[in-house]
Amino acid sequence: MTTITFATAATTVGSPALNIGIFALFVAFTLGIVIKVASGKKTAGEYYTAGGAFSGKQNGIAIAGDYLSAASFLGIAGAIALQGYDGFLYSIGFLVAWLVALLLVAELMRNTGRFTMADVLSYRLKQRPVRIATSCSVLAVSLFYLLAQMAGAGGLVSLLLGISGEAAQNLVIAVVGIVMVLYVLIGGMKGTTWVQIIKAVMLIAAAFVMSIWVLAKYGFNISGLFQGAVDTAASSTNAKTAANAEKLLTPGLKYGLTTTSKIDFISLSMALVLGTAGLPHVLQRFYTVPTSKQARKSVEWAIWLIGGFYLLTLTIGFGAGALVGPDVINAAPGKANAAAPLLAFELGGSVLLGIVAGIAFATILAVVAGLTITSSATFAHDLYKEVFKRGNTTQEQEVRVARLAAVGIGVVAIFGGMLAKSQNIAFLVALAFAVAASANLPTILYSLFWKRFNTRGALWSIYGGLLSSIVLILFSPVVSGKPADPKTGLSASMITNPDIDFHVFPLDNPGLISIPLAFFLGWLGTVTSKEFDPDKYAEMEVRSLTGHGVATALEH
Amino acid sequence: MSSIPTTTDEGYRAVQASEDFQTLRKKFRGFVFPTTAFFLAWYFVYVFLSIFAPGFMGTKAFGNITIGLIFGLLQFVTTFVITFVYARWANREFDPLADAIGRRLDGVQEH
């Protein structure tokens, strides 16, 4: 009988008014801070990078705020609750990836760029073609990531506000989008960074409290907590879940079923570990500190915070599996994404749920704002100023274009979010990582470390990686052709009609093919072209390692 | 990049060719390349074991703690250790050399 009451409770948990109230409070509080610290007229540098005036520690916390997206919090906790060990694998890839950023990318990028990723990639190559190519991949990656966040907002709304109607859900997505655009327009990068810092502190604190709470229920015995999750799953009304209960603790529940799913997991792992250092909104954060030493410190702080947070999600995920159970999670709107909020309700009733819900919305807001700044910088700095106007613009014009772009991106995010609201968010983010690892990372590494690298190599690698990853996704089971669910008759693909099936690529994640392909094309393009600029190469390499010229750049 | 005052290109090329800079470059690559190779290899060993040796990874070491979980937590440990060691190395060994070369470049500029 308890299962039934839980299931009814799950459709509208907590008090919608309280949830909205806490969220509104967060918005009012952060908007207040944004207006206080960052309103007013801005130079391009202030708008894109807060003038590089943040400290390494502040930026590290903001990076954690930017990176610990709705996918990390809701998606991973849910994946661990339902798939146990296989969900945990996600978080390991997301964390180890930071070592690529720490060792190979962060400091050298800080030393050679000012505003955007394209600054670095076009440094010693032909400006216009490389900036155009980079802009395409930056916008594609950011769009995938943006849709994932907005999809998260949609799922949360139905769960937390007790709103199940389409129109009302769409209304909330629109509100999230509008508030995000306000942050960006008023506060630029400085305001956005403070929102991310506040959110990171709140998110980590909430995850800490929930983990301790869960552990306390099991006498601080991790093994006991795992047993609890297995026991709850074993008593599931779904025969398959019950039979697989023991497998929560071993690999293979999600990815071990067939050879295809095993290879798919290798593909996903590659995308996760190589994608982070190619995410434009993460790279943008390195420009908000003054020196490469502070960039290093940023990544150090980010790794401690992100690693610590993922350890907490392990407890939260198994806690949700044990205390809420797979049946209730699967019955809730948003399914896996609802695991963490449902656990909050189970632990601390509607008050804790309200707090966690507010933080989850804040998470989405902060991440989306960061993505918007990065995309608008690409529009204004790379496409408008450098490509379209060939450098002949005033700061005012550039910032005006950036603000207009931010509004445009906000509109895209709102409508995209309305369309994508039923997709699993951890998974959409995984696709963004695959595109980033294919289209961006090879060119970043080549241009920082390979002397011969040239324009043709960059263009082949960027376009090749971008097109191959997107085409493979389009013809993968993600878009069409997953078997129909016997209960609903709907396919689990993006196109839910099971009769429409045009998939030819067997894997969900394209990384296994598209990442090596992009590296190969970068090499091939380079060796077939004679272009080489020894002066620019010397300038870039000396600056990248010594930081020469960075301090002077800051004054402008 | 237009607003960054550039030293003459010969300045950068001379520095790039100098012995000090080549030492700095070798030192940097000598640290980051092997470390990257190590953590990527260790990460993929872990991924492959999880996928192709689920029996081994699912073996319980104690209580409900499986070997796979311990290996997963060891991924966290190695990430933290590499971060700590790299930061220490960079602050102590790399920065002084890099700063010295940077200062010399500024000196060249003033003349």
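Everything numeric in this text was worked out from a predicted model, so none of it was measured. (Residues numbered from 1 in each chain as written. Chains lettered and ligands numbered in written order. Predicted model: local features only at pLDDT ≥ 70, side-chain atom pairs only at ≥ 80, totals over all residues. Heavy atoms only, no water.)

A. Region of the structure containing a nonpolar patch on the surface. Residue and element names in this part refer to chain A. There is a patch of nonpolar side chains on the surface, built from Ile132, Tyr463, Leu467, Val471, Leu474, Phe475, Ile500, Phe502 and Val504 and spanning about 760 Å² of accessible area. Of all the elements, helix H20 (residues 455-474) adds the most residues to the nonpolar patch, at four residues. By the secondary structure assignment, Leu467 is in helix H20. (Patch = residues over 30% accessible without salt bridge, like charges linked within 9 Å, V, L, I, M, F, W, Y side chains within 5 Å. Areas by Shrake-Rupley, 256 points an atom, 1.4 Å probe, with all protein chains shown as cover. Salt bridge = Lys/Arg side-chain N within 4 Å of Asp/Glu carboxyl O. Helix = DSSP H or I, 4+ residues; strand = E, 2+ residues; numbered from the N terminus.)

B. Representation of the interface of chain B and chain A within the structure. At the interface, 63 residues of chain B touch 60 residues of chain A. Buried area between chain B and chain A, summed over both chains or domains, comes out near 5,700 Å², and the portion from carbon and sulfur atoms is 70%. Across the contact surface, chain B and chain A share six salt bridges. In this structure, Arg29(B) engages Glu541(A) in a salt bridge whose closest nitrogen and oxygen atoms are separated by 3.8 Å. In this structure, the connection of chain B to chain A is made through 18 residue pairs in polar contact (both at pLDDT 80 or more). If you list the elements that add at least two residues to the side of chain B that touches chain A, you get helix H1 (9-17), helix H2 (19-52), helix H3 (54-57), strand E2 (65-66) and helix H4 (67-110) of chain B. Among the elements that make up the side of chain B that touches chain A, the one with the highest residue count is H4(B) (24 residues). Within the side of chain B that touches chain A, the residues separate by chemical class into 36 nonpolar, 19 polar and eight charged. (Contact = heavy atoms within 4.5 Å. Buried area = accessible area lost by both parts, 1.4 Å probe. Polar contact = N/O pair within 3.5 Å; in protein donor to acceptor, adjacent residues only side chain to side chain. Nonpolar A, V, L, I, M, F, W, Y, C, P; charged D, E, K, R; others polar.)

C. Up close: the side chain of Thr30(A). Structurally, Thr30(A) can be placed in helix H2 (residues 16-38). Not counting residues up to four positions away in its chain, the partners in contact with Thr30(A) are Tyr183(A), Val195(A) and Ile198(A).

D. Quick peek at the pattern of salt bridges. Residue and element names in this part refer to chain A. Following the criterion strictly, the structure yields 16 salt bridges over all chains and no others. For Asp508, the salt bridge goes to Lys482, with nearest N and O atoms at 3.2 Å. Of the two residues, Asp508 sits in the loop between H20 and helix H21 (511-527) while Lys482 sits in the loop between H20 and H21, which places them 26 residues apart along the sequence. Taking the relative accessible area as the measure of exposure, Asp508 reaches 17% and is therefore buried. (Buried < 20%, exposed > 50% of the residue type's maximum accessible area, 1.4 Å probe, protein only.)

E. Highlighting the packing of aromatic side chains. All names here are of chain A. Following the criterion strictly, the structure yields 34 aromatic pairs over all chains and no others. Ring geometry for Tyr90 and Phe94: centres 6.2 Å apart, planes at 25°, overall stacked. Here the residue Tyr90 and the residue Phe94 both occupy positions in helix H6 (residues 85-112), the gap between them amounting to four residues, near one helical turn. Per residue, the accessibility class of Tyr90 equals that of Phe94, and both read buried. In this structure an aromatic cluster arises from ring pairing among Tyr67, Phe73, Tyr90, Phe94, Trp98, Tyr145, Phe309, Tyr310 and Phe433. (Phe/Tyr/Trp six-rings, centres within 6.5 Å; stacked < 30°, edge-to-face > 60°.)

F. Layout of the nonpolar core. Core analysis: the largest hydrophobic core is formed by 212 residues, its most contacted members being Trp98(A) and Tyr310(A). If you tally residues by element for this core, the top one is helix H16 (residues 339-388) of chain A, at 24 residues. With residues up to four places along the chain from it excluded, the contact list for Tyr310(A) reads Tyr67(A), Leu68(A), Ser72(A), Ile76(A), Ser91(A), Phe94(A), Leu95(A) and Phe76(B). (Core = buried A, V, L, I, M, F, W, Y, C linked by side-chain atoms within 4.5 Å.)

G. Region of interest: the packing of H20(A) against H21(A). Residue and element names in this part refer to chain A. At a closest axis distance of 7 Å, the pairing of H20 and H21 adopts a crossing angle of 160°. Judged on the interaxial angle alone, H21 and H20 are roughly antiparallel. For the pair H20 and H21, the sense of crossing is right-handed. The residues of H21 that touch H20, namely those facing Arg456, Gly457, Trp460, Ser461, Gly464, Gly465, Ser468, Ser469 and Leu472, are Ile513, Ser514, Leu517, Ala518, Leu521, Gly522, Leu524, Gly525 and Thr526. (Axes fitted to C-alpha atoms, helices over the stretch in contact; angles between N-to-C directions. Parallel < 35°, antiparallel > 145°, perpendicular 65-115°, else oblique. Left-handed = near helix turned anticlockwise from the far one by under 90°.)

H. Quick peek at the packing of helix H8 (residues 127-160) of chain A against H20(A). All names here are of chain A. Contact pair H8 / H20: the axes reach a minimum separation of 9 Å and the direction vectors enclose 25°. When the axes of H8 and H20 are compared, the pair comes out roughly parallel. Here H8 and H20 pass one another in a crossing that is left-handed. Contact with H8, carried on its side by Pro129, Val130, Ile132, Ala133, Thr134, Cys136, Ser137, Ala140 and Phe144, involves Thr455, Ala458, Leu459, Ile462, Tyr463, Leu466, Ile470 and Ile473 of H20 and no other residues of that element. Class assignment for the residues of the contact of H8 with H20 results in 14 nonpolar, three polar and no charged.

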